[in-house]
Amino acid sequence: SGRLCRCRPSDTIRCTPPLLAWHTPSHPSQRCIEKNQLLTHVKPWHLTRDPSELRTPSEFFDAAWEAGFGIVIGSFRENQLARVVSSFELHMAHQKSWRKKGVEWAGHRYFTMGHAFSGNETSLIRGFVAQQNEYWNGIAQAKKMDFITLEMSFEDVTTGLCDAVKTTLHRAYLATGDDTIQHPDTCKIKVGHTSTSHRRRNLQERVGKAAAAFIEEQLNRTVYEWMLDLSAVHWPQGLMPWDIAEARELPASVR
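Residues numbered from 1 in each chain as written. Predicted model: local features only at pLDDT ≥ 70, side-chain atom pairs only at ≥ 80, totals over all residues. Heavy atoms only, no water.

1. Quick notes on the overall build of the chain
What the chain contains, in helices and strands, is 10 helices and two strands. Ordering the α and β elements of the chain from the N terminus gives α-α-β-α-α-α-β-α-α-α-α-α. The burial tally for the chain puts 40% of its 255 residues in the buried class. Counting only contacts in the chain whose residues sit at least 6 apart along the sequence, the fraction spanning at least 24 positions is 61%. Surface summary for the chain: the accessible area is close to 15,000 Å², and the carbon and sulfur share equals 52%. (Helix = DSSP H or I, 4+ residues; strand = E, 2+ residues; numbered from the N terminus. Buried < 20%, exposed > 50% of the residue type's maximum accessible area, 1.4 Å probe, protein only. Contact = heavy atoms within 4.5 Å. Areas by Shrake-Rupley, 256 points an atom, 1.4 Å probe, with all protein chains shown as cover.)

Below, the structure is given as structure tokens:
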């Protein structure tokens, strides 16, 4: 049968955020563990920053498997500029000192001083390529280690979260035959993670004049130029760089 987060309270994996929290009997997630409902949300860059002790997809998924996880759900936002801009706005929402100095100062610092990517990378394109490689390497490793791996588009998750949950659970059940996977009759979104993004504003309004100019200078006249339209979702037909397209068609040996 499929393994869907069968975890013991003592199981811990040290990464950021914790794959499993430091569970105690009084911990709120303890109830989820007892009902076989433990879930963790991990981004590739969580493995590259302190205090993570799991630095590679192989180390991470080895630890995840030992902790009882058996299903991986992957989603990659193709408009990576839109993702970085949203991350900037989320950072602003959590940093009072940055908000006091204003979006112009904060945007310039975030984008031109390397806060947007791991390793203080200031080149948007190099940062985008690194993100692509991190994600697809992770998916390839999960498949290689026989995790049940389900992939969903970013817009499927964000425009219909409840439908995405139901679809994911149904696909997980079909893949595992595990009767403990519940199909909820009702779904209510408690946290949509959309309150900090200003999607109706243009790039300059969202990150400041200097940061917008910095971004446009790097992306104009490149295959990434389409991302400057923050409402765009998919790579234009025939424009996707060969390495990204190739990564989507992983060899059968690692699926």
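2. So, the packing of aromatic side chains
Across all of its chains, the model carries 14 aromatic pairs by this definition. With a centroid separation of 5.1 Å and 75° between ring planes, the pair formed by Phe60 and Phe61 is classed as edge-to-face. Across this residue pair, the class does not change: Phe60 and Phe61 are buried. On the numbers, 5.2 Å between centres and 70° between planes, the contact of Tyr110 with Phe111 is edge-to-face. The two residues Tyr110 and Phe111 agree in class, both being buried. A connected cluster of aromatic rings, assembled from ring pairs, spans Phe88, Trp98, Trp105, Tyr110 and Phe111. (Phe/Tyr/Trp six-rings, centres within 6.5 Å; stacked < 30°, edge-to-face > 60°.)

3. What to know about the confidence of the model for the chain
Summarising the model, the chain shows a mean pLDDT of 75, and 73% of its residues fall at 70 or more. The spread of mean pLDDT over the elements of the chain runs between helix 1 (residues 29-34), the lowest at 52, and helix 9 (residues 209-219), the highest at 95. The model gives residues 1-29 a pLDDT under 50, and that stretch makes 75 contacts with residues more than four places away or in other chains. In this model residues 249-255 is a low-confidence stretch, pLDDT under 50, and it forms nine contacts with partners more than four residues away in sequence or in other chains. (pLDDT = per-residue confidence, 0-100.)

4. Some details on the layout of surface pockets
One number sums up the size of the second largest pocket: a volume of about 490 Å³. Taken together, 27 residues line the second largest pocket, and the ones lying closest to its centre are Arg77, Glu78, Phe154, Glu155 and Val233. (1 Å grid on protein atoms, 1.4 Å probe; cavity = no way out; pocket = protein on both sides within 12 Å on 5 of 7 lines; lining within 4 Å. Points joined across faces, edges and corners; volume = space filled by probe spheres on them.)

5. Describing helix 5 (residues 124-144)
Between its first and last C-alpha, helix 5 extends 30 Å over 21 residues, near the 30 Å set by a 1.5 Å rise per residue. Downstream of helix 5 by one or two residues, Asp146 has phi in the positive range, about 70°. (Expected span 1.5 Å × (residues − 1).)

6. Structural notes on the nonpolar core
Judged by nonpolar contacts, the single largest core of 26 residues is most densely connected at Leu81, Phe88, Phe111, Phe128, Val207 and Ile215. Elements supplying a minimum of two residues to this core: helix 3 (80-94), helix 4 (96-112), helix 5, helix 8 (203-207) and helix 9. Here this core takes six residues from helix 3, the largest share from any one element. Counting 12 residues, the second-largest nonpolar core is a separate cluster that includes Leu47, Val72, Met145 and Phe147. (Core = buried A, V, L, I, M, F, W, Y, C linked by side-chain atoms within 4.5 Å.)

7. A short note on the packing of helix 2 (residues 57-67) against helix 5
Where helix 2 contacts helix 5, the axes come no closer than 9 Å and their chain directions differ by 45°. Judged on the interaxial angle alone, helix 5 and helix 2 are oblique. Judged by the sense of rotation from one axis to the other, the crossing of helix 2 with helix 5 is right-handed. The segment helix 2 lies against helix 5, with Pro57, Ser58 and Phe61 engaging Asn137, Gly138, Gln141 and Ala142. Of the residues that constitute the contact of helix 2 with helix 5, the class distribution is three nonpolar, four polar and no charged. (Axes fitted to C-alpha atoms, helices over the stretch in contact; angles between N-to-C directions. Parallel < 35°, antiparallel > 145°, perpendicular 65-115°, else oblique. Left-handed = near helix turned anticlockwise from the far one by under 90°. Nonpolar A, V, L, I, M, F, W, Y, C, P; charged D, E, K, R; others polar.)

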